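Listed here are the chains, written in short residue letters.
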Amino acid sequence: MSIARERLRAAAHSATLITGLAILVVWIVCALFGSAITPFDPYADNLLSTLASPSAAHWFGTDQLGRDIFSRVIMGARDILIVAPLATLLGTVLGTTLGLCIGYLRGPLDDVVSRVIEAIQALPLIIVALMALAAVGTSNATVVLVIGFVFTPLIARTVRAAVLVERDQDYVAAARLRGDGRLSIMFIEILPNVLPIALVEMTVRLGYAIFFVASLSFLGFGIQPPSADWGIAIAENYSLIGSYWWTVLFDAAATASLVIGVNLVTDGLKSVVDA
Amino acid sequence: MKFLIKRALLSLITLGILSLIVFLGGQLLPGDVGRAVLGPLADARAVALFDHQLGLDRPLIVQYWDWISHFVTGDMGVSFTYRAPVAPFVAEALVNSLKLGALAFVMVVPLGIAGGVWAAQRVGRWSDRALVLLGQSLGVVPEFISSIVLILVFGVWLRWLPMSADWPEGAGALTQIRYLILPTLPLVLVFFGYIARVARVGTIEALDADYTRTAILKGLPMGLVMRRHVLRNALLPTITVTASLAGYLAGGLVVIETLFHYRGIGALIYTAAKAKDFPMLEAGVLTVGAVYAVASVLADLVSAALNPRIGAQRA
């Protein structure tokens, strides 16, 4: 009975993992080879057929400038799939380093950094990001930097907690007795043991990064036009929602499928790591 | 009691650090504010005069002290955009945000707890797994995406609800609530899974605990066991989580408020960020931080009141 249930659970997990991966692969293919797949030029205006409803020629209809929405949804995967993973990677590298340092060295550095982390966490992330982007200006690079920096303390906190457990282990004491330097203890001894935790945290963060990039783009503080980005498209066409639903619905569905895909993969990976 | 005072003091320190970060973010990074506000074609003397009038040519530490000491007395500075005091704008926005946040809160918290407890009683079954996965998936979909779908269904196709939260002047409480339902629904979708997850884990642990087993073996009816023993313990972690949610609902709804044309503090921060109106932006952000701090201290109060162990310590 319990074995059967175990198998059922494993199957469910792998089913979510596979579904998630399938969705992700579709969007990655769109991001990489979009220009070869799109039936129309996603950036080309056609003022003779603006706001046309979905048809055999234009599966998802056309927008205010007569651009083919199906082609734009395909191309829209590109920027978000560049910006969000880069931001996540930056946050993971910085956060893991910071977490290792404050977790292993402790002392006043840990106190100060932990307080600052707490202070930043006393705000919704979107507000921190808005404020930072208002100050430094918006471009793909600044969005990567800001989201990376915003994620750094969150990942640092997780890694720090893991380091606190590791630093009292025998292998660390042995390394210390051997006379290894702090840096080599932190990065050669402890890092490999906290890396799985950091990596799971990274996939969780990737989901949030996509969430943020999409929201920021929608607000005009993320990816900038003329990108075919979904968030931008929704912001541009939102006022038409009453009469021309197809100008927003497909972009919304694309965004939803991407975040849910990443979430399914994260969920699947977590259960594999936990098992 | 001592614990709570300590907790409140810690919040104050956190707020102090936050104010420094906000100040540095707002004052240091944007460069010449006069130039940014007056535009690239403005005369250099006009820019200098503008900066001088706003006191932007003084040392940073003086500016910070000036800003924060006035801020705590309710004088939040003068908006670059409106050339008028910031405080009334922030106050009005905060009240609006609290209305929206409160409505979302009373809708999502009971639903989330009910969902979590329901799932916990079916651990390992498909229905449990489905609910968890659904909650998780809805939780990662950005609010503007679920909003679009909800607006299309309830606003455009069914025409049940107004598509904007901007109610007519002088509308009564019921009308206001009607206008707020559509903006609230996406929040319910986003946070349902979050609350349900915490409530579920808490319930599973409480169901498994010795005191629950004892209560059942004692022959107490299951309903009573659930109410008196399981829920009381299961809800403790949930309350901590709902407090941080309360803070977010009162100040983090930038996207929802913008999308539904609602003049709350999230929309205020967004508009200020767009216009580079830094006094307004700083005031809005710090107010949200204060709301967060108050919410988390309140949460500690409530969980202290509920938790028999903390209560015993206090007695």
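Above this note sits the structure.
It should be emphasised that the depicted structure is a prediction, and the values quoted were computed from it without experimental measurement.

**Q** Honestly, the overall build of chain A in this entry has me stumped. Any pointers?
**A** Scanning chain A from terminus to terminus reveals ten helices and zero strands. From first element to last, N terminus to C terminus, chain A shows the α and β order α-α-α-α-α-α-α-α-α-α. Projected onto its principal axes, the C-alpha coordinates of chain A cover approximately 80 × 55 × 30 Å. Scored against the burial criterion, the 275 residues of chain A give a buried share of 50%. Total accessible area on chain A stands at roughly 12100 Å², and carbon and sulfur atoms take up 68% of it. Averaged over its 16 positive side-chain charges, chain A has a centre that lies 9 Å from the centre of its 20 negative ones.

**Q** What am I meant to see in the packing of aromatic side chains here?
**A** The geometry of an aromatic ring pair is captured by the separation of the ring centres together with the interplanar angle, meaning the angle of the planes. A complete count under the given rule lists 21 aromatic pairs over all chains for this structure. A ring pair is formed by Phe60 of chain A and Phe250 of chain A, whose centres lie 3.9 Å apart and whose planes are at 5°; its orientation type is stacked. A residue pair is termed long-range when its members are at least 10 positions apart, and Phe60 of chain A in the loop between helix 1 (2–37) and helix 2 (69–75) and Phe250 of chain A in helix 10 (residues 246–274) qualify at 190 residues. Ring geometry for Phe211 of chain A and Phe212 of chain A: centres 6.1 Å apart, planes at 65°, overall edge-to-face. Accessibility expressed as a relative area gives 10% for Phe212 of chain A, which makes it buried. Among the aromatic side chains, those forming a connected cluster through ring pairs are Trp59, Phe60, Phe70, Tyr244, Trp245, Trp246 and Phe250 of chain A together with Trp157 of chain B.

**Q** What is the right way to read a nonpolar patch on the surface from this model?
**A** The grouping of Val25, Ile28, Val29, Leu32, Phe33 and Ile37 of chain A at the surface amounts to a nonpolar patch, some 520 Å² of accessible area in total. Among the secondary structure elements, Ile37 of chain A is positioned in helix 1.

**Q** Teacher, can you tell me more about the interface of chain B and chain A here?
**A** Accessible area lost upon the coming together of the parts serves often as the stated size of an interface. Counting from both sides, the interface comprises 49 residues of chain B and, opposite them, 43 residues of chain A. Of the roughly 4200 Å² buried between chain B and chain A on both sides combined, carbon and sulfur atoms contribute 79%. The tally of links between chain B and chain A comes to one salt bridge. As a salt-bridge pair, Arg129 of chain B and Asp267 of chain A come within 2.9 Å of each other at their nearest N and O atoms. On the surface where chain B and chain A come into contact, there are five residue pairs in polar contact (both at pLDDT 80 or more). Elements with a minimum of two residues in the side of chain B that touches chain A: helix 1 (2–27), helix 6 (126–140), helix 7 (143–157), helix 10 (222–251), helix 11 (254–259), helix 12 (265–275) and helix 13 (278–306) of chain B.

**Q** Is there a simple way to explain helix 4 (residues 60–71) of chain B in this structure?
**A** Helical periodicity: at 3.6 residues per turn, an α-helix aligns residues three or four positions apart in one direction. All names here are of chain B. Between its first and last C-alpha, helix 4 extends 16 Å over twelve residues, near the 16 Å set by a 1.5 Å rise per residue. Of all the residues in helix 4, the buried ones are Gln63, Tyr64, Trp67, Ile68 and Phe71. Taken down its axis, helix 4 places every buried residue within 115° of arc, on the same side. Across from the buried face of helix 4, at angles greater than 90 degrees, the exposed residues are Ile61 and Trp65.

**Q** So what exactly am I meant to see when it comes to the pattern of salt bridges here?
**A** Taken as a whole and assessed by the stated rule, the structure comprises 14 salt bridges over all chains. Between Arg205 of chain A and Glu201 of chain A there is a salt bridge, with the nearest N and O atoms lying 3.2 Å from each other. Of the two residues, Arg205 of chain A and Glu201 of chain A both sit in helix 8 (residues 182–219), four residues apart, roughly one turn of that helix. Here Glu201 of chain A falls in the buried class, since its relative accessible area comes to 14%. One salt bridge in this structure joins Arg213 of chain B and Asp208 of chain B, with 3.7 Å as the shortest N-O distance. Since its relative accessible area comes to 44%, Arg213 of chain B is described here as partly exposed. Residue Asp208 of chain B is classed as exposed on the basis of its relative accessible area, which comes to 53%. Salt bridges here are not isolated pairs; linked through shared partners, they connect Asp63, Arg67, Arg72 and Glu236 of chain A.

**Q** Even after reading the chapter, I still don't get unusual backbone geometry, so can you show me in this structure?
**A** With glycine set apart, most residues show a phi of negative sign, and most peptide bonds adopt trans. Cis geometry is adopted by the peptide bond preceding Pro226 of chain A, which originates at Pro225 of chain A and carries an omega value of 10°. Relative to the elements of secondary structure, Pro226 of chain A occurs in the loop between helix 8 and helix 9 (230–237). In the Ramachandran plot, Arg106 of chain A falls in the positive-phi region, its phi being about 50° despite a non-glycine side chain. Looking at where Arg106 of chain A falls in the secondary structure, it is placed in the loop between helix 3 (77–105) and helix 4 (107–121). Not every positive phi belongs to a glycine, and Arg83 of chain B is a case in point at roughly 50°. Checked against the element boundaries, Arg83 of chain B lands in the loop between helix 4 and helix 5 (87–120).

**Q** Help me out: how do you make sense of empty space enclosed by the protein in this one?
**A** Once rolled over the atoms, a probe with the size of a water molecule shows which space is left empty. Residues and elements named next belong to chain B. Under the counting rule described, the total for this entry stands at two cavities of 30 Å³ or more. Estimates place the volume of the largest cavity at around 90 Å³. Around the largest cavity, the lining residues are Gly116, Ala119, Leu131, Val132, Gly135, Gln136, Phe192, Gly193, Ala196, Arg197 and Arg200. Within the residue set of the lining of the largest cavity, elements represented by two or more residues are helix 5, helix 6 and helix 8 (173–208). Ranked by the residues each element gives to the lining of the largest cavity, the list is headed by helix 8, at five residues. Per-class residue counts for the lining of the largest cavity are five nonpolar, four polar and two charged. Of the pockets and cavities examined, the second largest cavity occupies roughly 70 Å³.

**Q** Is there a simple way to think about the packing of helix 5 of chain B against helix 10 of chain B in this case?
**A** Each pair of packed helices gets described by two things: the angle between the helix axes and the distance between those axes. All names here are of chain B. Direction vectors running N to C along helix 5 and helix 10 enclose 150°, while the axes themselves pass 10 Å from each other. As far as their axial angle goes, helix 10 and helix 5 are roughly antiparallel. Handedness of the helix 5/helix 10 crossing: right-handed. Touching Leu94, Ser97, Leu98, Gly101, Ala104, Phe105, Val108, Val109, Ile113 and Val117 of helix 5 are Met226, Leu231, Leu235, Thr238, Thr242, Leu245, Ala246, Leu249 and Ala250, all from helix 10.

Definitions and limits used
- Residues numbered from 1 in each chain as written.
- Chains lettered and ligands numbered in written order.
- Predicted model: local features only at pLDDT ≥ 70, side-chain atom pairs only at ≥ 80, totals over all residues.
- Heavy atoms only, no water.
- Helix = DSSP H or I, 4+ residues; strand = E, 2+ residues; numbered from the N terminus.
- Buried < 20%, exposed > 50% of the residue type's maximum accessible area, 1.4 Å probe, protein only.
- Areas by Shrake-Rupley, 256 points an atom, 1.4 Å probe, with all protein chains shown as cover.
- Lys, Arg positive; Asp, Glu negative; His and termini not counted.
- Charge placed at Lys NZ, Arg CZ, Asp CG, Glu CD.
- Phe/Tyr/Trp six-rings, centres within 6.5 Å; stacked < 30°, edge-to-face > 60°.
- Patch = residues over 30% accessible without salt bridge, like charges linked within 9 Å, V, L, I, M, F, W, Y side chains within 5 Å.
- Salt bridge = Lys/Arg side-chain N within 4 Å of Asp/Glu carboxyl O.
- Contact = heavy atoms within 4.5 Å.
- Buried area = accessible area lost by both parts, 1.4 Å probe.
- Polar contact = N/O pair within 3.5 Å; in protein donor to acceptor, adjacent residues only side chain to side chain.
- Expected span 1.5 Å × (residues − 1).
- Arc of directions from axis to C-beta.
- 1 Å grid on protein atoms, 1.4 Å probe; cavity = no way out; pocket = protein on both sides within 12 Å on 5 of 7 lines; lining within 4 Å.
- Points joined across faces, edges and corners; volume = space filled by probe spheres on them.
- Nonpolar A, V, L, I, M, F, W, Y, C, P; charged D, E, K, R; others polar.
- Axes fitted to C-alpha atoms, helices over the stretch in contact; angles between N-to-C directions.
- Parallel < 35°, antiparallel > 145°, perpendicular 65-115°, else oblique.
- Left-handed = near helix turned anticlockwise from the far one by under 90°.

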